[in-house]
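Residue strings, one per chain:
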Amino acid sequence: MRTRTLLLYSIAAVAAVTSHAAPALFTTPTKSEWSVMNGKSTVGSVTLFSEARNSRAEWKADRSAAPIVFIGTSGKIWVRTVAGGDVELDSYKGGIESTIVPALLLPVTSTTSDDVAVASGKISSYHYRGARASYRHDTKGVSAVDLKAGSQQFVLARTSVGGAKADATLYVVRPRKAAASRMARLSGDLFAPSKGTVAATAGTRGVEKGFKFADGGDYAALEKIEARDMEWQARLKEALAEFQREGKVGEEQP
Amino acid sequence: MKAITIAIFIAAVSATPALAQFGDILGKVNRNRDKIMKGAKVAREATKEFTDQEEVALGRVVSAQILAAFPLSKNDRLQNYVTLVGNTVAAYSSRSELPWHFAVVETPTVNAFSAPGGYVFITTGAMSQVQSEAELAAILGHEIAHTTERHILKEIKRANVISAGTDLVQSQYGAGQLTDELAQKVGKIAIDKLFKTGIGRREEFEADRVGVALAGQAGYKKDAFLTFLKSLSALEKSKSSAFRQLAATHPKPQERDQALRASVSSQSGGQLLAERWQTWNSGG
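Residues numbered from 1 in each chain as written. Chains lettered and ligands numbered in written order. Predicted model: local features only at pLDDT ≥ 70, side-chain atom pairs only at ≥ 80, totals over all residues.

We now examine the overall build of chain B. Counting secondary structure elements, chain B contains twelve helices and three strands. Burial statistics for chain B: of 284 residues in total, 45% are counted as buried. In chain B, once contacts between residues fewer than 6 apart in sequence are set aside, the share between residues at least 24 apart is 75%. (Helix = DSSP H or I, 4+ residues; strand = E, 2+ residues; numbered from the N terminus. Buried ≥ 20, exposed ≤ 12 C-beta atoms within 10 Å, placed from the backbone. Contact = placed C-beta atoms within 7 Å.)

Pasting the structure below:
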């Protein structure tokens, strides 16, 4: 009898600690800033908007980089792509941010089967996508996250926290359209007036800025192509990856 | 004194043929030297190696000429599509590091062009003959091959308009010695070759072979190019004016088919992507 009672208590205790219904990091609308360290190196920063059911994290690998937006809402995590539209986390082929950021997106988990442990009503650990996050708390909520991903260890430290106005538009998801119509937008500015500020050729590869010669050539048209491709540089890689994945060509061939 | 004068006279008279002979020899030497020097200059110029920057500078001149002849297509979808397919194939080329640019130009003429330094153009006329993405990949592969094998660049070298010592690109912000006059000469050579005389049968066959191989490496069905050649062959038979320029600058489609068939017939697999081509091409 005593053994059975003990077993029942144990089961009840485990059930109380482990739950798939993850608590939010902050239950009231909150904006917080986080630094992400790997050892002594800062690998990025996150601006986090949280509320009871939704979360939005804006990841920056460095200050000058454009943020990569992650949105956790309605039980799914989405990533906003620079080419336009949002893709589910599983379809996103990014860098380390795709492993780090989900630790902050609770209550939305990367999959419904993720292992979330709760103690005294607070998140204590979260196991997802091969990573394990352990949470530290202070009076304002989660103050730091120790994250182990493979052989790497990260510390996500909260650097500021404050209340924020409830803003439902932060969590609106716009799923990507079909690749063809999406990528059709990439060169929408091909026929816009040439920008004087844009180097006409691929300057990053050490090629000169565009020269024009009085030789009857149409250098204005040429510069439009070059300027388009220059502006594309950041987006082209991602667009190409998707294009090749869809067609099973290039780096995505079987 | 008189005897001395006579002796000098005799010596002079007798030496005249020898002098004349010596003069002939000297003349021959001079002429040969000129020939040798000229030959050396040609050899030097023919072997002048252009840096990638110089190649891009020349490519811009050639591209501006192509764009002066044919305006850019205003079909954004096709521009994007060609860029995506082109970059997919160019990544497998021996010069994947070049800043590749792909664009569609508006003309019913069925053709595609490449300029040094990574500029590739395809006409809307050629696009109208394409039936699958794999065909497009092979056409762009053909043009990429012209660039990787430096075919137009060799023609520019051969024309000897650029001396060996000419520094086309002096600094990051200067045009070096690529002047308006030199740009005009380079542009004329390239346009003559691209639009009128062609750059040589051997080079075209080589571009076919390399281009199809590149498309194959990028995962496209290699024999799709044979389908495109069939379309060209039909155009040729119909005596279409859209085919005239291509006929003047390329070997006959049947010959190209024969030359390629051996290398692609054994190949199986790869993507055709006819439906994707339709989707992009139809604006859907």
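Along chain A, the regular secondary structure elements total four helices and eleven strands. Among the 254 residues that make up chain A, the fraction classed as buried is 35%. Contacts spanning at least 24 positions in sequence make up 55% of the contacts within chain A whose residues lie at least 6 apart.

All right, on to unusual backbone geometry then. Residue and element names in this part refer to chain A. Of the consecutive residues leucine 106 and proline 107, the connecting peptide bond is found in the cis state with omega at 20 degrees. By the element assignment, proline 107 lies in the loop between α2 (97-100) and β7 (115-119). The backbone of serine 74 shows a phi angle near 50 degrees, a positive value even though the residue is not glycine. Within the fold, serine 74 resides in the loop between β4 (68-73) and β5 (76-80).

In this section: the packing of helix α3 (residues 76-90) of chain B against helix α5 (residues 133-148) of chain B. Residue and element names in this part refer to chain B. In contact at an axis separation of 9 Å, α3 and α5 are set at 60 degrees when each is read in the N-to-C sense. With respect to α5, the element α3 is oriented oblique. Viewed along their axes, α3 and α5 form a crossing whose handedness is right-handed. Touching Val85, Gly86, Val89 and Ala90 of α3 are Glu133, Leu136, Ala137, Leu140, Gly141 and Ile144, all from α5. For the contact of α3 with α5, the residue count by class is seven nonpolar, two polar and one charged. (Axes fitted to C-alpha atoms, helices over the stretch in contact; angles between N-to-C directions. Parallel < 35°, antiparallel > 145°, perpendicular 65-115°, else oblique. Left-handed = near helix turned anticlockwise from the far one by under 90°. Nonpolar A, V, L, I, M, F, W, Y, C, P; charged D, E, K, R; others polar.)

Turning to the sheet that holds strand β3 (residues 119-123) of chain B, a few remarks are in order. All names here are of chain B. The strand order across the open sheet built from three strands is β1-β3-β2, with neighbouring strands paired in mixed fashion. At either end of the open sheet lies a strand with only one pairing partner, and these are β1 (101-105) and β2 (112-115). Adjacent strand axes in the sheet meet at a mean angle of 20 degrees when their direction is disregarded. Of the strands in this sheet, β1 and β3 are in contact with α3, which crosses β1 at around 140 degrees. Strands in contact with α5 are β1, β2 and β3; relative to β2, the strand with the most contacts, it is inclined by about 30 degrees. (Pairing = 2+ DSSP bridges.)

On to the environment of A:Asn54, then. Residues and elements named next belong to chain A. Structurally, asparagine 54 is set in the loop between β2 (41-50) and β3 (55-60). Take asparagine 54: there are 21 C-beta atoms within 10 Å of it, and that puts it in the buried class. With 21 residues separating them in the primary sequence, asparagine 54 and glycine 75 have C-alpha atoms 8.8 Å apart.

Turning our attention to the nonpolar core. Counting 79 residues, the largest nonpolar core has B:Val89, B:Phe121, B:Ile122, B:Ala137, B:Ala138, B:Leu140 and B:Ala215 as its most contacted members. What B:Ala215 contacts, discounting residues up to four positions off in sequence, is B:Val89, B:Ala134, B:Ala137, B:Ala138, B:Gly141, B:Tyr220 and B:Lys222. Grouped together as the second largest cluster of nonpolar side chains are 34 residues, A:Val36, A:Ile123, A:Tyr128 and A:Ala133 included. (Core = buried A, V, L, I, M, F, W, Y, C linked by C-beta atoms within 7 Å.)

All names here are of chain A. Ordered in space as β6-β5-β4-β3-β2-β1-β11-β10-β9-β8-β7, the eleven strands form an open sheet in which the pairing is antiparallel. If you trace the sheet from one side to the other, it starts and ends with β6 (86-88) and β7, each paired once. With direction set aside, neighbouring strand axes in the sheet form an average angle of 20 degrees. Summarising the sheet, strand β8 (residues 122-128) and strand β9 (residues 131-138) pair through four bridges and their orientation is antiparallel. Each residue of the ladder has a partner; that of histidine 127, found in β9, is arginine 132.

Attention shifts here to the pairing of strand β11 (residues 152-163) of chain A. Residues and elements named next belong to chain A. Judged from the eight bridges that link them, strand β1 (residues 30-38) and β11 form a sheet pairing that is antiparallel. Along β11, the bridge assignment pairs methionine 37 with valine 155. Between strand β10 (residues 141-149) and β11, which pair antiparallel and follow one another directly, the connecting turn spans two residues, one of which, glycine 150, has a positive phi of 60 degrees.

Residue and element names in this part refer to chain B. On average, residues of chain B score 79 in pLDDT, and 74% of them are at 70 or above. Below pLDDT 50 for its whole length, residues 5-20 participates in zero contacts with residues either more than four positions away or in separate chains. Note on residues 40-47: pLDDT is under 50 here. Beyond four places in sequence and across chains, it has nine contacts. Note on the complex model: pTM 0.56, ipTM 0.71. (pLDDT = per-residue confidence, 0-100.)

Here we take up the environment of B:Thr88. Structurally, B:Thr88 is set in helix α3. Measuring from C-alpha to C-alpha, the distance between B:Thr88 and B:Ala218 comes to 6.6 Å, with 130 residues separating the pair along the chain. Not counting the four nearest positions on each side in its chain, B:Thr88 is found in contact with A:Leu240, A:Gln244, A:Val249, A:Gly250 and B:Ala218.

Put simply, side chains in a regular strand alternate between the two faces of the sheet. All names here are of chain B. Side-chain alternation along β2 places Ala112 and Ser114 on one buried face and Phe113 and Ala115 on a second face that is also buried. Relative to β3, β2 is paired through four bridges, and the arrangement is antiparallel. Each residue of the ladder has a partner; that of alanine 112, found in β3, is isoleucine 122. Joining the antiparallel neighbours β2 and β3 is a turn of three residues, in which glycine 117 adopts a positive phi near 85 degrees.

Attention now goes to the confidence of the model for chain A. Residues and elements named next belong to chain A. Looking at chain A as a whole, the pLDDT averages 78, with 75% of positions reaching at least 70. Considering each helix and strand of chain A separately, the mean pLDDT is smallest for helix α1 (residues 2-17), with a value of 49, and largest for β1, with 96. Low pLDDT, under 50, characterises residues 11-20; the stretch is placed with eight contacts to residues that sit more than four places away or in other chains. Taken as a whole, residues 184-209 scores under 50 in pLDDT and shows 59 contacts with residues more than four places along the chain or in a different chain.

What follows covers helix α8 (residues 201-217) of chain B. Residue and element names in this part refer to chain B. If you check α8, its first and last C-alpha atoms are 24 Å apart, about what 17 residues at 1.5 Å a residue would give, namely 24 Å. Regarding α8, the residues found buried are Glu204, Ala207, Asp208, Gly211, Val212, Leu214, Ala215 and Gly216. Just downstream of α8, glycine 219 is the residue with a positive phi angle, here 100 degrees. (Expected span 1.5 Å × (residues − 1).)

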